[in-house]
Amino acid sequence: MLDPKNIRVRYAPSPTGFLHIGGARSALFNYLFAKKNKGQFIIRIEDTDIERNVEGGEVSQIRDLKWLGIIPDESPLEPNPRYAPYRQMERLNTYQQYAQQLLKQGHAYECYCSEEELERSREEQLARGIAAPQYNRRCLHLSKEEKNNFVAQGRKPVIRIKLEDHLTIAFEDMVRGPVSFNNDDIGDWVLIKSNGIPTYNFAVVIDDYSMDITHVFRGEEHLSNTPKQIQIYRYLKFPMPQFGHMTIIVNENGKKLSKRDASIIQFMSQYRDMGYLPEAIFNFILLLGWSPEGTQEIFTKDQAIAAFDAKRLSSSPSMFDPQKMNWLNNFYLKQLSDDAYWNFIAPFINKAPGVELLSEASVKQLAKTFKDQLAYGIQILDLVKPILEPTFNFDDEAKALLQSQDGQKALALFIQKLSQLQEIQGPNIKEIFKAIQSETGLKGKPLFMPVRLKLTGQLHGAELANIIPILGKDLTLKRLKA
RNA sequence: GGCCCGUUGGAGAAGCGGCUUAACUCACCACCCUUUCACGGUGGCAUUCAUGGGUUCGAAUCCCAUACGGGUCACCA
């Protein structure tokens, strides 16, 4: 029996791939809804497409979800005995049992049509001008003899549902409001495939019922599946959960993000590998298709749970904006303590070519220098390159500065003063520049740029007073004299 | 094509009949800070809510039509 006071929701991925943005978002909103209502969030694995399942799909999905902070109360790895098992391929008996019941009640029938026959019928209908061809019910009233004939031919039947004709199926969608479909636009679809495995639309109903799921938030692509499922609920007299269909996330062309879409990085593991913080991704997808009541944009997990309200889920599609994602990640990065930041950035910066020239303390300093502008972890490699492994391709402006009398004078004086310095520290470097300025009257670009150019090959970059102590006296002088 | 859903600035969006000549955030632009870059700060950026009708004293907000976009029509989920 459904207990309306105990909210149970689920995220039900098929292990045909790794966790991507769309999946993470479905999971997130289900999770928030559960936690907001003190209910349970469940992960169920829909692995009935045995052809497309991939190795490690299930494990990585659960791992990546947990990384994001989306922690299941129940999953194949942490089952509640009352509801286990959590993989559909382990629940085959249950589906079979209900399919037999439907068969007995006359709400389903065996169909022996071959793929070719189905295809032919489809083409015929198309030729007759029927826009949405559907199953022609050829096998609806098969005699025992006809069945035996098919079996003798070695055909294996599927089980199809017998839809109630002319039935309008209406429901209240938690995101979209009232929605209705007519059964006449749907054909008798397959419940159990000829290999004995249920189709998605059948298995979800049985599972959502068996697992006492009360609310279903899923992607818009399932909206037109819902009437099919509701028909099963009616036949089996199961209490229905509430449905809410969230919009899809689209790419910059306005199309649904497909797994093959190269324009946007969409797998969680890729974001993790690139150095995005789980909190930032959590926060980012939270705001994709949902908005809070006020103007708050930064949400911790607990704040998100407290603020979450399914009524504020958007019904128009949203585009994934990598720029805002970067902004958010940078925001969270800046919040990190120095220690936490170092723990985060070390694996990235330690891969930078040339890093071996520096002591760990210097590398730490170097990383810190870029903390405020870093969008994501591996970006540190680009930022650090001019310092650790500069290339010297000077443009005209740079050449002019280096060759000018003022520039050469400033550079020479800098080298001289730096050589005499005992301890290289930021304030000392600043003092040297000040001294040169008062001795020569030079300022601005001619004063600073020659040193910067010889040191990093760039006209832009982090403050010299920060960089030079990191590189140390020897390395600095070597580059300046080169 | 049938069915279903959607349409507020470059992006995410608030707005739910008068308080709106439309919040907030990202991006963009300008200025300030600054040797430069970045960070930070200040300001600018939709007289208009896809279009056309209607309802109303009054509409982005309600209704209808059109256009455009998307989802779905499998023995995939």
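Once a new chain begins, its residue numbering starts again from 1 and follows that chain's sequence as written. Chains and ligands are labelled by the order in which they are written, letters from A for the one and numbers from 1 for the other. Since the coordinates come from a predicted model, pLDDT governs what is reported: local features require at least 70, and pairs of side-chain atoms require 80 or more to be given and counted, while whole-chain, interface and lining totals use all residues. Excluding hydrogens and water, the side-chain figures rest on all heavy atoms present in the structure.

### Some details on the sheet that holds strand E4 (residues 158–161)
- Here, a strand pair is defined by DSSP locating no fewer than two bridges between the strands. Under the scheme used here, helices are H or I runs from DSSP no shorter than 4 residues and strands are E runs no shorter than 2 residues, and both carry numbers assigned from the N terminus. Across the sheet, which stays open at both edges, the 3 strands sit in the order E3-E4-E7 with antiparallel pairing between neighbours. Because the sheet does not close on itself, it has two edges, and the strands there are strand E3 (108–111) and strand E7 (190–192). The average undirected angle you get between the axes of adjacent strands in this sheet is 45 degrees.
- Relative to E4, E3 runs antiparallel, the two being bridged by 4 bridges. An axis is simply a line fitted to the C-alpha atoms; with a helix, the fit covers only the stretch in contact. Between two such axes, the angle follows the N-to-C directions and lies from 0 to 180 degrees.

### Describing the environment of Ile-70
- Relative to the helices and strands, Ile-70 is located in the loop between helix H2 (57–68) and helix H3 (92–104).
- With a 1.4 Å probe rolled over the protein chains alone, any residue whose accessible area is under 20% of its type maximum counts as buried; one over 50% counts as exposed, and the rest are partly exposed. Overall, Ile-70 belongs to the buried group, its relative accessible area being 0%.
- In sequence terms Ile-70 and Asn-326 are 256 residues apart; their C-alpha atoms lie 21 Å from each other.

### Structural notes on unusual backbone geometry
- Cis rather than trans, the peptide bond between Ala-84 and Pro-85 has omega equal to 0 degrees.
- Its location among the elements puts Pro-85 in the loop between H2 and H3.
- With phi around 55 degrees, Lys-38 is a residue other than glycine that occupies positive phi space.
- Relative to the helices and strands, Lys-38 is located in the loop between helix H1 (21–36) and strand E2 (40–43).
- Here Lys-38 falls in the exposed class, since its relative accessible area comes to 72%.

### A short note on the pairing of strand E1 (residues 8–11)
- By the alternation rule, side chains of E1 split into Arg-8 and Arg-10 and Val-9 and Tyr-11, which are all buried.
- When E1 meets E2, the two strands line up parallel, connected through 4 bridges. The partner of Tyr-11 across the bridge, within E2, is Ile-43.

### Brief notes about the protein's contact with RNA strand B
- Working definition: residue near molecule or strand if any one of its non-hydrogen atoms lies within 4 Å of it. Near RNA strand B there are 59 residues, and of these Arg-176, Lys-255, Glu-297, Gln-373 and His-460 occur at the shortest range.
- Of all RNA strand B atoms lying within 4 Å of any protein atom, the proportion belonging to sugar or phosphate reaches 73%.
- Polar contacts here mean pairs of N or O atoms no more than 3.5 Å apart (in protein, one a potential hydrogen donor and the other a potential acceptor; neighbouring residues in sequence count only if both atoms are side-chain atoms). Contacts to RNA strand B include Arg-160, whose side-chain N or O atom sits 3.4 Å from a phosphate oxygen.
- Contacts to RNA strand B include Met-319, whose backbone N or O atom sits 3.1 Å from a phosphate oxygen.
- Breaking the surface near RNA strand B down by element, the ones donating at least two residues are E4, strand E6 (177–182), strand E11 (318–319), helix H11 (322–335) and helix H18 (445–456).
- Looking at the surface near RNA strand B element by element, the count peaks at 4 residues for H11.
- Residue polarity follows a fixed list, in which Ala, Val, Leu, Ile, Met, Phe, Trp, Tyr, Cys and Pro are nonpolar, Asp, Glu, Lys and Arg are charged, and the others, Gly among them, are polar. Within the surface near RNA strand B, the residues separate by chemical class into 21 nonpolar, 19 polar and 19 charged.

### What to know about the packing of H18 against helix H19 (residues 464–471)
- Two elements in contact, H18 and H19, have axes separated by 12 Å at closest approach and are oriented at 40 degrees. It follows from the interaxial angle that H18 and H19 lie oblique. In this structure, H18 meets H19 at a crossing whose hand is left-handed. Packed against H18, whose contacting residues are Phe-448, Val-451, Arg-452, Leu-455 and Thr-456, the element H19 presents Leu-464, Ile-467, Ile-468 and Leu-471 at the interface.
- Partitioned by chemical class, the residues of the contact of H18 with H19 number 7 nonpolar, 1 polar and 1 charged. Under this scheme an angle from 65 to 115 degrees is roughly perpendicular, one under 35 degrees roughly parallel, and one over 145 degrees roughly antiparallel; angles in between are oblique. Crossing handedness follows the turn of the near helix against the far one: under a right angle anticlockwise gives a left-handed crossing, and clockwise gives a right-handed one. Here a residue-residue contact requires only that any non-hydrogen atoms of the pair lie within 4.5 Å.

### A word on the environment of His-245
- Inspection of the secondary structure assignment puts His-245 in strand E9 (residues 242–246).
- As for His-245 and Phe-217, which are separated by 28 residues in sequence, their C-alpha atoms are 5.8 Å apart.
- For His-245, the side chain forms a polar contact with the side chain of Asp-173, separated by 2.6 Å.
- Within polar-contact distance, the side chain of His-245 engages the side chain of Arg-218 at 3.2 Å.

### Concerning the nonpolar core
- In terms of nonpolar packing, the biggest core is built from 99 residues, with Leu-32 and Phe-414 touching the most fellow members.
- Tallying contributions element by element places H1 first for this core, with 9 residues.
- Among buried residues, the Ala, Val, Leu, Ile, Met, Phe, Trp, Tyr and Cys ones that are joined through side-chain atoms within 4.5 Å form a nonpolar core. Counting residues in hydrophobic clusters, the runner-up holds 34 residues, among them Ile-161, Val-179, Phe-202 and Phe-243.

### Some words on the side chain of Asn-225
- Considering the arrangement of structural elements, one finds Asn-225 in the loop between strand E8 (215–219) and helix H7 (226–236).
- In this structure Asn-225 comes out as buried when scored by relative accessible area, which is 15%.
- Apart from residues lying up to four places away in sequence, Asn-225 is in contact with Tyr-200 and Asn-201.

### Brief notes about the state of the cysteines
- Defined by distance alone, a disulfide is two cysteine sulfur atoms within 2.5 Å. Evaluated as defined, the whole model comprises 0 disulfides.
- Cysteine Cys-111 shares no disulfide, and the gap to the nearest cysteine sulfur, in Cys-113, comes to 3.9 Å.

### Examining the packing of aromatic side chains
- What counts as a ring pair is set by centres within 6.5 Å for rings of Phe, Tyr and Trp (its six-membered ring), and what kind of pair is set by the plane angle: stacked under 30 degrees, edge-to-face over 60, tilted for all other angles. The final tally for this structure, using the stated rule, is 20 aromatic pairs.
- With a centroid separation of 5.1 Å and 75 degrees between ring planes, the pair formed by Phe-284 and Phe-320 is classed as edge-to-face. Placement of Phe-284 in helix H9 (residues 278–286) and of Phe-320 in the loop between E11 and H11 is noted, with a sequence separation of 36 residues between them.
- Chaining the aromatic ring pairs together yields one cluster made of Tyr-98, Phe-171, Tyr-209, Tyr-233, Phe-238 and Phe-243.
- In this analysis the charged atom, NZ for Lys or CZ for Arg, is taken to sit over a ring once it is within 6 Å of the ring centre and within 35 degrees of the ring normal. Here the guanidinium or amino end of Arg-8 rests over the ring plane of Tyr-83, the centre of that ring lying 3.8 Å away.
- The residue whose ring lies beneath Arg-160 is Tyr-135, and the NZ or CZ to ring-centre distance is 3.8 Å.

### Some thoughts on H1
- Helix length check: H1, at 16 residues, gives a terminal C-alpha distance of 22 Å against a target of 22 Å (1.5 Å per residue), a fit within 8%.
- The element H1 is extensively covered by neighbouring structure, given that 13 of its 16 residues are classed as buried.
- Among the residues trailing H1, Lys-38 stands out with phi positive, at a value near 55 degrees. Take the residue count of a helix, subtract one, and multiply by 1.5 Å to get its expected span.

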